[in-house]
Amino acid sequence: MTDKKFRAIVRIANTDLDGNRPIYMALKKISGISYMFSNAVCNIANVDKTKKVGELEDEEVKRIQDVISNPINNGFP
């Protein structure tokens, strides 16, 4: 057994995301985020896009939130 804690719902950008979905698919639920932007957010935040939302560390959630909030400050073209 692993010691990882799994969260069924994770809140990013004032949107509840399903913990069982991959992060790049779940981010598309947020208003204004497309597949391409979601993919770019995962790359810039240095998060494996196939990782399930419920398995994300708090640090990874903060990085994703920061990139979504301030894309230009994080090197987004």
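Cut-offs and rules
Residues numbered from 1 in each chain as written. Predicted model: local features only at pLDDT ≥ 70, side-chain atom pairs only at ≥ 80, totals over all residues. Heavy atoms only, no water. Helix = DSSP H or I, 4+ residues; strand = E, 2+ residues; numbered from the N terminus. Buried < 20%, exposed > 50% of the residue type's maximum accessible area, 1.4 Å probe, protein only. Contact = heavy atoms within 4.5 Å. Polar contact = N/O pair within 3.5 Å; in protein donor to acceptor, adjacent residues only side chain to side chain. Pairing = 2+ DSSP bridges.

Some remarks on unusual backbone geometry
- The backbone of A13 shows a phi angle near 55°, a positive value even though the residue is not glycine.
- With respect to the element layout, A13 can be found in the loop between β1 (9–12) and β2 (15–18).
- You can call A13 partly exposed: its relative accessible area is 22%.
- Backbone geometry places N46, a non-glycine residue, at a positive phi of 60°.
- Position of N46 among the secondary structure elements: in the loop between α2 (35–44) and α3 (58–69).
- Given a relative accessible area of 64%, N46 falls into the exposed group.

Some thoughts on the environment of V61
- Note that V61 resides in helix α3.
- Sequence separation of V61 and I12 is 49 residues, and the distance between their C-alpha atoms is 7.3 Å.
- Beyond its immediate chain neighbours, meaning those up to four positions away, V61 contacts R7, V10, R11, I12 and L56.

Here's the deal with the side chain of S38
- With respect to the element layout, S38 can be found in helix α2.
- A distance of 2.6 Å separates a polar side-chain atom of S38 from the backbone oxygen of Y24.
- Residues contacting S38, with those up to four places away along its chain left out, are I23, Y24, L27, K28 and I33.

Notes on α2
- Restricting attention to buried positions, one finds in α2 the residues F37, S38, N39, A40, V41 and C42.
- Those residues of α2 hidden inside the fold are in contact with α1 (23–26) and α3.
- Of the residues flanking the end of α2, it is N46, one or two places downstream, whose phi is positive at about 60°.

A few points about the pairing of β2
- Only one face of β2 is covered, namely the face carrying T15 and L17; the face carrying D16 and D18 is uncovered.
- Direction of pairing for β1 relative to β2: antiparallel, over a ladder of four bridges. Bridge pairing in β2 links V10 to L17.

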